[in-house]
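A look at the structure
Listed below, chain by chain, are the residues.
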Amino acid sequence: MGRWRFLLQPRGCRRGAGFRAPRTPSRCLASAFPLPRQPVPPLAQTLERYLRSLEVLVTPEELQETRQLVEEFGAPGGEGERLQAQLERRAARMENWISDWWVQSAYLESRLPLAVHSSPAVVLPKQDYSDWRGQLRFAAKLIAGVLDFKAKIRQQALLVEYRGGHPQCMAQYSRIFASCRLPGPKHDGLLLPPPGRRPPTFITVVRNFQFFQLEVYNSDGSPLTVDQLHLQLQRIRGLSWKTDKEPLGLLTSDHRHTWGQAYSTLMRDRLNRESARCIQRSLFTVCLDAPVLKVSDERYPSRVAAQMLHGGGSYSNSGNRWFDKSLQFIVGEDGVCGVLYEQAVADGSPIATIIDHVLNYCKDPDTARSPMTPLPLPPKLYFYITPEIQHDIERAKQNLDILITDLDISCFTFRGFGQGLPKSWGLRPDSLLQVALQLAYYRTHGSLCATSEVASLRRFHLGRTDAVRPAAPPVLRLARAMDAPHGQDEETLSLLQAAVESQSARTEQVLAGQGIDRHLLGLKLAAIGDGQRLPEIFMDTAYAIATHCRLLTGQVAARSDCLMVYGPQVPDGYGVCYNPLDAHVNFAVTAFNCCRETHAQRLAQTLQGVLAQLSRLLGGRPDPVGQGGGEGEREGPP
């Protein structure tokens, strides 16, 4: 990460006494805004908060045993102080002391498939077309919109984003395009655009499992117009009408060790190497999908979310993906569209910004005139499929279809309130929704669980994410009051405000770089780097319980009416993502069918009931219909 450089802060953008950050983006160039380095939290503070997070997760006896281990670890002159000093020295010499470690441990060393387990998808608003003609026209406009955003990066005209009055690190934008994850037998690598060199000028388009290289710039460096792009996409459609091709892209959906071995086999052939490298080095990928299988209106949002997340299976659109690619835009023939992205390079908020820009761009009429220069035919990328590779494809088909059959998705839109109602009470909308999730889990399972709410640390230079732990004791008091047969609204409302404010305080601690999860991870990795025995605190059962997050949650607050979806972090857990808008909130809940204790639809329905109860407490409007959710999306591939 150290090879990315930033310019000095320009005049007129000085932060200091009297500086008040605007809520709208600053006119300062994104590449020219200095940011503070991410701090290493104090050791004693982290250990104290770690113990507090265990209070509702383990028994009093287990907590006492863990407390003794924590005291030994944090004692003066002990292991904790020695490892803390290592982290502080690392922070002094590196641009960011944890981000590289985090990407390596959370993503590149993970051997689980990217499909479902790692790469999130974003469902875009359904577009106003229903045939291939509209599909190609919208895809052309979408590509032009992405190129327009990319031009702002190249011209250093991208505006600095602000969250809570703090400017955000914009470095991730330079890595999203022309990047790709590379499979390996033990750990993966990243192909990143080399700084200072001319970036690629082409994208990859895939239809009916066939990949094409599409040049998106004219010889003078100007981007192709929408009409030019539309013409080229029509040519690609004419060259990809056959539907009997092998879904080579499915290889990228397999277990990383398995795909790493298959990748080594695939790359022995020169033709395969050239085609694979073209996909990897392309700016991004556009997937021209066949229509989603029609289902009832109630189940349709869940089916669409599943299509964006994994493609629907080996007999549907999954072969139209290269899951290693950092950025893939999915454009369906039936108006269903979305984005699939790989997290080793970027987090959700930059992706949401790109999506908002592209959707706004697509609303504007296209007035650019197309040059008269004839365009070359987009070349098709061929692969030589040996019997060994064919065997790998068949195995990937089977594994992905099993994974899809195991995935349970339930999506719904809650219309009882949006962001406005909590704000009118002086409550943070995200914190209110987090408390609602805790209440829903408690009602569903009778207890609270280890929870990780993903929070962005982009206010720091090269910052990525940390986890917000829930305010468990206030939530427990609120849950019991809400379930009491003769509870008083005034008392319940007071408990709700206390729980939300406690959650907000924890969120602010994490956003200020004072979270416990990345700090504990850093201490653990520093110990592993020493080559010595791992401290007892990390071998304790309580640490395993605390890091086994049965609720993986987070918001991606896009301005557009879209929804992010991702799979659970653990086999007996849930993935819950939401997008709070002014008048409603979109939710996606996922679980695995292999676990008899979890059920996405049940949690989704319970969550709707909790939200309706909170809406009544706060004086919101009744939720007319919890749209979507229904029976969930429990089917495998057709």
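1. What to know about the overall build of the protein chain
Counting its secondary structure elements, the protein chain contains 19 helices and 21 strands. Summarising its shape, the C-alpha atoms of the protein chain cover approximately 70 × 55 × 55 Å along the three principal directions. Within the span of the protein chain, comprising 638 residues, buried residues form 59% of the whole. Considering only intrachain contacts with a sequence separation of at least 6, the fraction spanning at least 24 residues in the protein chain is 77%. When the accessible surface of the protein chain is totalled, it reaches about 26700 Å², and 51% of it is carbon and sulfur. Looking at charge distribution, the protein chain has the averaged site of its 72 positive side-chain charges lying 8 Å from that of its 64 negative ones.

2. Brief notes about the nonpolar core
Counting 59 residues, the largest nonpolar core has Phe 177, Leu 233 and Phe 284 as the members making the most contacts within it. Apart from the residues within four sequence positions on either side, Leu 233 is in contact with Leu 136, Ala 139, Ala 140, Ile 143, Val 205, Leu 214 and Leu 288. Judged by nonpolar contacts, the second largest core, of 47 residues, contains Ile 279, Val 292, Leu 340 and Leu 381.

3. Things to note about the packing of aromatic side chains
One pass over the structure, following the stated rule, counts 16 aromatic pairs. Ring geometry for Trp 102 and Tyr 107: centres 5.9 Å apart, planes at 75 degrees, overall edge-to-face. For the pair formed by Trp 102 and Tyr 107, the shared burial category is buried. Their ring planes at 20 degrees and their centres at 6.5 Å tell us that Trp 322 and Phe 383 sit as a pair that is stacked. Here Phe 383 lies in the loop between strand E13 (380-381) and helix H12 (387-406) and Trp 322 lies in the loop between helix H10 (300-310) and strand E11 (327-332), a separation of 61 residues in the sequence. The same class applies to Trp 322 and to Phe 383, which are both buried. The ring of Trp 102 carries Arg 518 above its face, with NZ or CZ at 3.5 Å from the centroid.

4. Some words on the pairing of strand E20 (residues 585-592)
Burial runs high along E20: 8 of the 8 residues are buried. With burial as the criterion, each face of E20 is covered, one bearing Val 585, Phe 587, Val 589 and Ala 591 and the other bearing Asn 586, Ala 588, Thr 590 and Phe 592. Two strands pair when backbone bridges link them, and strand E14 (residues 407-414) and E20 are joined in this way by 8 bridges, in the antiparallel orientation. Bridging across to E20, Phe 414 finds its partner in Val 585. The sheet contact formed by strand E19 (residues 574-580) and E20 spans 6 bridges and is antiparallel. Its bridge partner being in E20, Tyr 578 is matched across the sheet by Phe 587. Counting the residues between successive antiparallel strands, the hairpin from E19 to E20 contains 4 residues.

5. Here's the deal with the environment of Asp 408
Assignment of secondary structure puts Asp 408 in strand E14. Looking at Asp 408, the relative accessible area reads 1%, which means it is buried. Separated by 191 residues in sequence, Asp 408 and His 599 have C-alpha atoms that sit 7.2 Å apart. At a separation of 2.9 Å, a polar atom in the side chain of Asp 408 contacts the main-chain amide nitrogen of Ala 600.

6. Digging into the pattern of salt bridges
Here the structure, examined in full by the defined rule, presents 25 salt bridges. A salt bridge links Arg 256 to Asp 188, with the nearest nitrogen and oxygen atoms 2.8 Å apart. Of the two residues, Arg 256 sits in helix H8 (residues 256-266) while Asp 188 sits in the loop between strand E6 (180-182) and strand E7 (189-191), which places them 68 residues apart along the sequence. The exposure classification of Arg 256 matches that of Asp 188, with both residues buried.

7. Concerning the pairing of strand E8 (residues 202-207)
On a regular strand, each side chain points to the face opposite its neighbour's, so the side chains alternate between the two faces of the sheet. Of all the 6 residues making up E8, 6 are buried; the element is thus mostly covered by neighbouring parts of the structure. Side chains of E8 alternate between two faces, with Phe 202, Thr 204 and Val 206 and Ile 203, Val 205 and Arg 207 buried alike. Across 6 bridges, E8 lies against strand E9 (residues 210-215) in antiparallel orientation. Within E9, the position partnered with Thr 204 by the bridge is Gln 213. Between E8 and E9, which pair antiparallel one after the other, the connecting turn spans 2 residues, and Asn 208 there sits at a positive phi close to 50 degrees.

8. Observations concerning the environment of Phe 202
Following the sequence through the fold, Phe 202 ends up in strand E8. A relative accessible area of 13% places Phe 202 in the buried class. With 13 residues separating them in the primary sequence, Phe 202 and Glu 215 have C-alpha atoms 4.1 Å apart. In contact with Phe 202, other than residues within four places in its own chain, are Gln 213, Leu 214, Glu 215, Val 216, Cys 278, Arg 281, Ser 282 and Leu 283.

9. As for the confidence of the model for the protein chain
Mean pLDDT over the protein chain works out to 91, with 92% of the residues at or above the 70 mark. Scored below 50 in pLDDT, residues 1-32 makes 60 contacts in the model with residues more than four places away or belonging to other chains. Note that residues 629-638 has pLDDT below 50 and, in this model, 39 contacts with residues that lie over four places away or in other chains.

10. Some remarks on unusual backbone geometry
At Gln 156, a position not held by glycine, the phi torsion is positive, near 55 degrees. Of note, Gln 156 is situated in the loop between helix H5 (132-154) and strand E3 (159-160). In this structure Gln 156 comes out as partly exposed when scored by relative accessible area, which is 33%. Unusually for a residue other than glycine, Ala 178 sits at a positive phi of about 60 degrees.

Cut-offs applied
- Residues numbered from 1 in each chain as written.
- Predicted model: local features only at pLDDT ≥ 70, side-chain atom pairs only at ≥ 80, totals over all residues.
- Heavy atoms only, no water.
- Helix = DSSP H or I, 4+ residues; strand = E, 2+ residues; numbered from the N terminus.
- Buried < 20%, exposed > 50% of the residue type's maximum accessible area, 1.4 Å probe, protein only.
- Contact = heavy atoms within 4.5 Å.
- Areas by Shrake-Rupley, 256 points an atom, 1.4 Å probe, with all protein chains shown as cover.
- Lys, Arg positive; Asp, Glu negative; His and termini not counted.
- Charge placed at Lys NZ, Arg CZ, Asp CG, Glu CD.
- Core = buried A, V, L, I, M, F, W, Y, C linked by side-chain atoms within 4.5 Å.
- Phe/Tyr/Trp six-rings, centres within 6.5 Å; stacked < 30°, edge-to-face > 60°.
- Lys NZ or Arg CZ within 6 Å of the ring centre and 35° of its normal.
- Pairing = 2+ DSSP bridges.
- Polar contact = N/O pair within 3.5 Å; in protein donor to acceptor, adjacent residues only side chain to side chain.
- Salt bridge = Lys/Arg side-chain N within 4 Å of Asp/Glu carboxyl O.
- pLDDT = per-residue confidence, 0-100.

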